[in-house]
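What the coordinates show
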Amino acid sequence: MDKLKRQITEHGVVVSDQVLKLDALLNHQIDPQLTMEMGRQFAERFRDSEVTRVVTVESSGIAVAFATAYELGVPLVFARRKKTLLAEPDMLCERVPSFTKGIVTDILISREFLSPDDRVLFIDDIIANGDAARGLVKIIERSGAELVGAGIVVEKCFQPGASSLREQGVRLESLVRIASLADGRITFAD
Ligand code: G4P
Ligand code: NA
Ligand code: NA
């Protein structure tokens, strides 16, 4: 994904050693052609996994998850983020901290849209500490569905999310790997 790397180099803003602002292509504006290309990449990598549903968390993961689901010909389910006031028996729920926002939210998926027959591909825009991803993995486990893998657009290798998922045995594929944001510079891995 050379075009993706070029876009990140051109439009990414290094906010700190930890955070890369990607509003121009992932978190505020979306390039439809580039996003559909990301979907084709993930679909190609997971073509043989017999995926029945693509799952993401609202909101920034939805576009690329849609592109992937479209290419695989399966539905996209996006976990909702909201405060759960009462226990909702039809909902699978996990509480997750959010790294950039400094808050805790609940992510929820209705049992109606995730069943033990499902083979799930998790798609997301960025992985940092992996809190959202870990929450979603727990929800998928509790639904009885099988997680066949994770497709992540931008993997920040210097934060523990991606490696902790791989250590859990999740097949994690990323399109771009960032080794460091030190000195205000984006350094790609490989
Ligand atoms: P994660 O690794 O599972 O995403 O969890 P983490 O708690 O580390 O990150 C929480 C949120 O912060 C996620 O967005 C994630 O995409 C975003 N994030 C983490 N690092 C960066 C970064 O360097 N740049 C940008 N642009 N975002 C980052 P979210 O809470 O799921 O919100 P949304 O964007 O999906 O609405
Ligand atoms: Na996200
Ligand atoms: Na995000």
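Residues numbered from 1 in each chain as written. Chains lettered and ligands numbered in written order. Predicted model: local features only at pLDDT ≥ 70, side-chain atom pairs only at ≥ 80, totals over all residues.

Points about the UniProt feature "binding site: xanthine" (unreviewed entry) in the chain
Per the UniProt entry, the sites bearing "binding site: xanthine" (unreviewed entry) are Leu20, Asn27 and Lys156 in this numbering. The class for Leu20 is partly exposed, based on 19 C-beta atoms found within 10 Å. With near-sequence residues (within four places) excluded, Leu20 lies in contact with Gly12, Val14, Val15, Ile178, Leu181 and Ile186. Tracing the sequence through the fold places Asn27 in helix H2 (residues 23–27). Exposure remark for Asn27: the 14 C-beta atoms within 10 Å place this residue in the partly exposed category. (UniProt positions renumbered as here; feature names shortened; annotations may be inferred. Buried ≥ 20, exposed ≤ 12 C-beta atoms within 10 Å, placed from the backbone. Contact = placed C-beta atoms within 7 Å. Helix = DSSP H or I, 4+ residues; strand = E, 2+ residues; numbered from the N terminus.)

Focus: the nonpolar core
Membership of the largest hydrophobic core comes to 51 residues, with the highest contact counts inside it found for Val54, Phe122, Ala133, Leu136, Ile140 and Val153. Those residues in contact with Ile140 that lie beyond four places of it in its chain are Val55, Leu114, Val120, Ala145 and Leu147. (Core = buried A, V, L, I, M, F, W, Y, C linked by C-beta atoms within 7 Å.)

A short note on helix H3 (residues 32–45)
An α-helix turns once per 3.6 residues; consequently, residues spaced three or four apart project the same way. Taking 1.5 Å per residue, 14 residues should reach 20 Å; H3 reaches 20 Å between its end C-alpha atoms and fits that length. Buried residues belonging to H3 abut helix H1 (2–11), H2, helix H4 (62–72), strand E7 (119–127), strand E8 (146–156) and strand E9 (172–180). (Expected span 1.5 Å × (residues − 1).)

With respect to the confidence of the model for the chain
The predicted model of the chain averages 95 in pLDDT, with 98% of residues at 70 or higher. Across the assembled chains, the prediction reports ipTM 0.92 with pTM 0.96. (pLDDT = per-residue confidence, 0-100.)

Details of the packing of H3 against H4
Close contact between H3 and H4 brings their axes to 7 Å; oriented N to C, the two are set at 55°. The pairing of H3 with H4 is recorded here as oblique in orientation. As for the relative orientation of H3 and H4, their crossing is right-handed in sense. Taken together, the residues of H4 that come into contact with H3 (itself represented by Thr35, Met36, Met38, Gly39, Arg40, Phe42 and Ala43) are Ala63, Val64, Ala67, Thr68, Tyr70, Glu71 and Leu72. Considered class by class, the residues forming the contact of H3 with H4 number nine nonpolar, three polar and two charged. (Axes fitted to C-alpha atoms, helices over the stretch in contact; angles between N-to-C directions. Parallel < 35°, antiparallel > 145°, perpendicular 65-115°, else oblique. Left-handed = near helix turned anticlockwise from the far one by under 90°. Nonpolar A, V, L, I, M, F, W, Y, C, P; charged D, E, K, R; others polar.)

Points about helix H5 (residues 131–143)
Along its 13 residues, H5 runs 19 Å from first to last C-alpha, staying within 8% of the 18 Å computed at 1.5 Å per residue. Among all positions of H5, only Ala132, Ala133, Gly135, Leu136, Val137, Ile139, Ile140 and Ser143 are buried. One or two positions beyond H5, positive phi appears at Gly144, with a value near 90°.

Some points on the environment of Ala145
Note on placement: Ala145 falls in the loop between H5 and E8. With 20 C-beta atoms counted inside 10 Å, the residue Ala145 sits in the buried group. Aside from chain neighbours lying at most four places away, what touches Ala145 is Leu114, Ser115, Pro116, Asp118, Val120 and Ile140.

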